[in-house]
Amino acid sequence: MKKESVGLVETQYFIFPDDLILEGGSKLKEVKVAYETYGKLNKEKSNAILICHALSGDAHAAGWHEGDKKPGWWDIIIGPGKCLDTEKYFIICSNVIGGCKGSTGPSSINPETGKPYGLDFPIITLSDMVEAQKKLIDHLGINQLFAVVGGSMGGMQVLQWCISYPDMVKLAIPIATAARSAPQQIAFNEVGRQAIISDPKWNAGSYYSGEAPKEGLSLARMIGHITYLSYESMYQKFGRRLQDKEKYGFDLSMDFQVESYLHYQGNSFVKRFDANTYLYVTKAMDYFDLTANGSLAEGFKDVKTKFLVISVDSDWLYPPAQSKEIVMALTANDIDVNYHEIKSPYGHDAFLLESGQLNYIINGFLSEILVGDVMTPMAAKISEGASIDEAAKLMLEEKVTHLPVIAGDNRLIGIVTAWDISKAVALKCSKLDEIMTKDVITACPEDYIELAAEKMKRYNISSLPVVDGGKRVIGIITTDHISTLMARD
Ligand SMILES: CC(=O)SCCNC(=O)CCNC(=O)[C@H](O)C(C)(C)COP(=O)(O)OP(=O)(O)OC[C@H]1O[C@@H](n2cnc3c(N)ncnc32)[C@H](O)[C@@H]1OP(=O)(O)O
Ligand SMILES: N[C@@H](CCO)C(=O)O
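Conventions and cut-offs
- Residues numbered from 1 in each chain as written.
- Chains lettered and ligands numbered in written order.
- Predicted model: local features only at pLDDT ≥ 70, side-chain atom pairs only at ≥ 80, totals over all residues.
- Heavy atoms only, no water.
- UniProt positions renumbered as here; feature names shortened; annotations may be inferred.
- Near = heavy atom within 4 Å.
- Polar contact = N/O pair within 3.5 Å; in protein donor to acceptor, adjacent residues only side chain to side chain.
- Areas by Shrake-Rupley, 256 points an atom, 1.4 Å probe, with all protein chains shown as cover.
- Helix = DSSP H or I, 4+ residues; strand = E, 2+ residues; numbered from the N terminus.
- Nonpolar A, V, L, I, M, F, W, Y, C, P; charged D, E, K, R; others polar.
- 1 Å grid on protein atoms, 1.4 Å probe; cavity = no way out; pocket = protein on both sides within 12 Å on 5 of 7 lines; lining within 4 Å.
- Points joined across faces, edges and corners; volume = space filled by probe spheres on them.
- Core = buried A, V, L, I, M, F, W, Y, C linked by side-chain atoms within 4.5 Å.
- Buried < 20%, exposed > 50% of the residue type's maximum accessible area, 1.4 Å probe, protein only.
- Domains from an automatic or database assignment.
- Contact = heavy atoms within 4.5 Å.
- Buried area = accessible area lost by both parts, 1.4 Å probe.
- Salt bridge = Lys/Arg side-chain N within 4 Å of Asp/Glu carboxyl O.

The protein has the name Homoserine O-acetyltransferase in an unreviewed UniProt entry, where Methanobacterium bryantii is given as its organism. The heading Subunit (unreviewed entry) in the UniProt record of the protein holds the text "Homodimer." Within the UniProt record for the protein, the comment given under Catalytic activity (unreviewed entry) is "L-homoserine + acetyl-CoA = O-acetyl-L-homoserine + CoA".

See below:
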């Protein structure tokens, strides 16, 4: 299938009606969250996928902003025909709080002083970022997310979601991430922060009316950027080639292409990022630790989500060992986990670049959706002794067109549809037994949704009762559940 773009997109904003209470105890007033959405939310609101961004990302994950030269940062996997297919899913991405891309952060105006927060901005954590996203998801009227997906710090948010709101996330895809920041990660973050803090223009975080600490922020990004690459990718990109010269300068000026590249990356970064946000967001990552009493398995004990954990073989910043630690802790809690290690020379940033492998792995995982993952559990049903009037009333109340008929032990013995009810009125029948279909086509929670869809098509029916091994009704699955989740072709 052709992979397409979501086209022109715009960032939207949500201002919280209430204060946001932070993990550290402070309150943030008039919080604003910048977000983008792609695709359509289905009738059941069951096809929403939340995308969480990494350290320097933003709400613009896919498509194009008017006049831009590059699409959103994860355009390689979001769009029609891509694994996060906007023909099937409703994709949401928001800028984290503490950020500088439209959501409230240290560069925002503090409503109490009328000036930018600077260092008056409270310390935020990954859990606070998730709280802010939860408010946005509530505002969009979504009770449960079909999936939460993110790489690096985005992956940390994915894990945090599954712990903060275990019932709200059906599927989780954390990529190139960790369940707790390791000393090496904290160390690199601290060097980046010190580069900013030691720039005199930083001025204790109060620089918004003058010049920004560009030197410090650029240096922080240069250091960070090295950690996003690999030995091999740097060799492939630059070798020992010189930049704009034939031989060494034998002075302290720039000689090598890799130096020029790093300066370029540093200089471009300062044009799009705020130094204080860099301080706050890296600090939030340092504090991130999902262990409970020293045990990650205990930290994950309430998780209910099905997982796809992805790592990158050449990622030395968030090495595969940290992903395997997540897999082991989930497995210890009997959580269904799939694990993939991407083969790539790109290092940590492979999660932003390896389009083929990401599309293939994520698409495979999302297509393995089971009936039990998407059905409406505990669907409306009626007892065999009930009258046709009662069945009609229940259908109206529950806004359903299909009612499984059950015996005393909850065992499925038939199904009545809205069509059967009209038939009953026309033919003046009064008992359910006279009009219900007794040979009911059903689905099992372990069936792939493709199988349920095939049955619905073959028998030309729009709803299947979901039954367990003892033929007891445990839910219902309809074409509406399935249609937006099935491949277009
Ligand atoms: C979720 C999130 O993390 S969102 C944030 C993601 N985006 C970023 O982090 C932006 C910073 N960039 C990156 O991290 C990486 O560049 C990636 C992963 C996004 C893209 O990687 P690649 O496609 O391999 O790009 P690459 O690293 O080669 O950089 C290309 C840029 O370097 C420039 N460049 C390459 N060689 C040199 C050189 N010798 N001297 C100066 N500049 C150079 C290119 O001209 C190009 O510039 P452009 O970006 O303005 O077009
Ligand atoms: N390139 C990514 C790496 C951090 O995970 C970013 O800047 O956000």
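The next point concerns the site of ligand 2. Around ligand 2, the surrounding shell consists of Ala54, Leu55, Ser56, Ser152, Arg221, Tyr228, His348, Asp349, Phe351 and Leu352. The contact in question runs from an oxygen atom of ligand 2 to an N or O atom on the backbone of Leu55, over 3.4 Å. Coverage of ligand 2 by the protein chains reaches 93% of its 260 Å² of free accessible surface. Put simply, the parts of the chain that give the shell around ligand 2 at least two residues each are α4 (214-228) and α10 (350-353). Here the residues of the shell around ligand 2 sort into five nonpolar, three polar and two charged.

Turning our attention to the layout of surface pockets. Roughly 480 Å³ of internal volume is contained in the second largest pocket. Taken together, 19 residues make up the lining of the second largest pocket; nearest its centre are Glu44, Lys399, Val400, Ile476 and Thr478. Where the lining of the second largest pocket is concerned, the elements lending two or more residues are β13 (376-377), β18 (473-478) and α17 (479-483).

Among the nonpolar cores identified, the biggest contains 73 residues, and Ile92, Trp161, Phe300 and Phe307 are the most heavily contacted of them. Counting residues per element, this core draws most heavily on helix α7 (residues 275-287), which supplies seven residues. If you look at the next biggest cluster of nonpolar residues, it comprises 46 residues, including Val9, Ala176, Ala453 and Met456.

Around ligand 1, 18 residues are found, and the nearest of them are Arg221, Lys237, Ser260, Tyr261 and Tyr264. In this structure, an oxygen atom belonging to ligand 1 sits 2.6 Å away from a side-chain N or O atom of Arg221. Here a nitrogen atom of ligand 1 and a side-chain polar atom of Gln243 are 2.9 Å apart. Of all the secondary-structure elements, those providing two or more residues to the shell around ligand 1 are α4, α6 (257-272) and α10. Top contributing element to the shell around ligand 1 by residue count: α6, with six residues. Of the residues in the shell around ligand 1, the class split is six nonpolar, seven polar and five charged.

The subject of this paragraph is the domain arrangement of the protein. Taken domain by domain, the protein holds domain 1 (12-368) and domain 2 (373-483). Here the C-alpha centre of domain 2 lies 44 Å away from the C-alpha centre of domain 1. Taken together, the contact between domain 1 and domain 2 spans eight residues of the former and seven residues of the latter. Summing the contributions of domain 1 and of domain 2, the shared interface buries around 640 Å²; its carbon and sulfur component is 43%. Per-residue buried area on domain 1 facing domain 2 is highest for Glu44, Lys170 and Glu368; these three make up 50% of the total on that side. The interface formed by domain 1 and domain 2 contains zero salt bridges. On inspection of domain 1 and its partner domain 2, the count reaches zero residue pairs in polar contact (both at pLDDT 80 or more).

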